[in-house]
Amino acid sequence: MDPGSTSRTIEAAARSMPLRSRLRTITFAWFLGAGWASLCGGVIFFRFADDMGLGRRSFTWGLLSAMPFVATAIQIFGSLLAEATGRNKRLFMAGLLIQRMCWLPIGLLPFFALRFPSAAVASVLLLFFVQAAGMHFSTPPWTTWMADLIPPRIRGHYFGVRHRIAMCMYLATALLSG
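Computed from a predicted structure; not experimentally measured.

### Description of the side chain of Asn88
- Along the chain, Asn88 falls in helix α6 (residues 88-101).
- Those residues in contact with Asn88, other than ones at most four positions away along the chain, are Ala82, Pro141, Thr144, Trp145 and Asp148.

### Quick notes on a nonpolar patch on the surface
- Side chains of Ile76, Phe77 and Leu80 sit close together on the surface and give an oily, nonpolar patch of about 330 Å² of accessible area.
- Relative to the elements of secondary structure, Ile76 occurs in helix α5 (residues 75-85).
- By relative accessible area, which is 53% here, Ile76 ends up exposed.

### Describing the pattern of salt bridges
- Taken as a whole and judged by the stated rule, the model has one salt bridge.
- Here Asp51 makes a salt bridge to Arg47, at a shortest N to O gap of 3.4 Å. Linking Asp51 with Arg47, this pair stays in helix α3 (residues 43-51), spanning four residues, or about one helical turn.
- With relative accessibility at 42%, the residue Asp51 sits in the partly exposed group.

### Details of the environment of Leu126
- Relative to the elements of secondary structure, Leu126 occurs in helix α8 (residues 117-149).
- On a C-alpha basis, the gap between Leu126 and Cys102 in space is 9.9 Å, while along the polypeptide they are 24 residues apart.

### What about the layout of surface pockets?
- In this structure, the second largest pocket spans a volume of roughly 300 Å³.
- As for the second largest pocket, its lining consists of Leu19, Arg20, Leu23, Arg24, Thr27, Arg153, Ile154, His157, Tyr158, Val161, Arg162 and Ile165.
- Taken together, the residues of the lining of the second largest pocket sort by class into six nonpolar, two polar and four charged.

### Concerning the nonpolar core
- Membership of the largest hydrophobic core comes to 17 residues, with the highest contact counts inside it found for Phe45, Leu54, Leu64 and Val124.
- Breaking this core down by element, the ones donating at least two residues are α3, α4 (58-70), α7 (103-112) and α8.
- Ranked by residues supplied to this core, first place goes to α8 with six residues.
- Apart from the residues within four sequence positions on either side, Val124 is in contact with Phe45, Phe48, Ala49, Met52, Leu54, Leu64 and Leu109.
- Judged by nonpolar contacts, the second largest core, of nine residues, contains Leu23, Phe92, Trp145 and Tyr158.

### Considerations on the packing of aromatic side chains
- Inspection of the entire model under this criterion finds eight aromatic pairs.
- Geometrically, the ring pair formed by Trp142 and Phe159 is edge-to-face, given 6.1 Å between the ring centres and 65° between the ring planes. Here Trp142 is found in helix α8, whereas its partner Phe159 is found in helix α9 (residues 155-177), with 17 residues between them in sequence.
- Relative accessible area serves as the criterion here: at 24%, Phe159 is assigned to the partly exposed category.
- With a centroid separation of 5.4 Å and an interplanar angle of 65°, the aromatic rings of Tyr158 and Phe159 are classed as edge-to-face.
- Linked through ring pairs, Phe45, Phe46, Phe48, Trp61, Trp103 and Phe128 together constitute an aromatic cluster.
- Of note, Arg162 hangs over the ring of Trp30, and the distance from its end group to the ring centre comes to 4.4 Å.

Calculation criteria
- Residues numbered from 1 in each chain as written.
- Predicted model: local features only at pLDDT ≥ 70, side-chain atom pairs only at ≥ 80, totals over all residues.
- Heavy atoms only, no water.
- Helix = DSSP H or I, 4+ residues; strand = E, 2+ residues; numbered from the N terminus.
- Contact = heavy atoms within 4.5 Å.
- Patch = residues over 30% accessible without salt bridge, like charges linked within 9 Å, V, L, I, M, F, W, Y side chains within 5 Å.
- Areas by Shrake-Rupley, 256 points an atom, 1.4 Å probe, with all protein chains shown as cover.
- Salt bridge = Lys/Arg side-chain N within 4 Å of Asp/Glu carboxyl O.
- Buried < 20%, exposed > 50% of the residue type's maximum accessible area, 1.4 Å probe, protein only.
- 1 Å grid on protein atoms, 1.4 Å probe; cavity = no way out; pocket = protein on both sides within 12 Å on 5 of 7 lines; lining within 4 Å.
- Points joined across faces, edges and corners; volume = space filled by probe spheres on them.
- Nonpolar A, V, L, I, M, F, W, Y, C, P; charged D, E, K, R; others polar.
- Core = buried A, V, L, I, M, F, W, Y, C linked by side-chain atoms within 4.5 Å.
- Phe/Tyr/Trp six-rings, centres within 6.5 Å; stacked < 30°, edge-to-face > 60°.
- Lys NZ or Arg CZ within 6 Å of the ring centre and 35° of its normal.

This is the structure:
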C-alpha cells in the first residue's frame, strides 16, 4: 500500500469527525476496556487458574506468569504488518478481537476440561498465551494510530486525563468484583 494513500485516508477521516469527538470516543472505549481488563485479569484470573488445577503443579505458576512476557515477541509481527499495510486501526481491532474472544473459551473451560486435569492446565496456559499475544500484536498498530490521530501539542495532556479516567474504572471494578 502506498504511504501517501494512508495519509490521505487519515486526512479524510479527520475531516469527517471532529478531533474532540474522536478523542472522547476513544477515551470512553478505553474506560470500558479498563473495566474489562480489571475484571478479567489479576487476582480474579489467578483464582480461576488455581481452581482449574494450576495450584497442584508449582511449575505451572511460573509458566502462567511468563506467558505475557513471552507473548511480547508477537509485537514484532504487529509492527511489521502495521508498517507494511498502514491499516493500523484494523490491525489493532483484529488483535483485540482475538484477545477478547479468547476469554469465551477460557470461561467455558470448567464445563469441558475439569474432568481432565492435565488438559485443563494446558488449555488455561495456551488460551492465556493466545489472549496475551492478541494484546501484544495490537500494541504497535495502536501506538501508530494514536500518533497519527492525536496532535503532539495535546498528546501528553490527553493521555494523562485518559489514565486518570481508567484508574477510576479500575478502582470501581476492583471494589465491585472483590
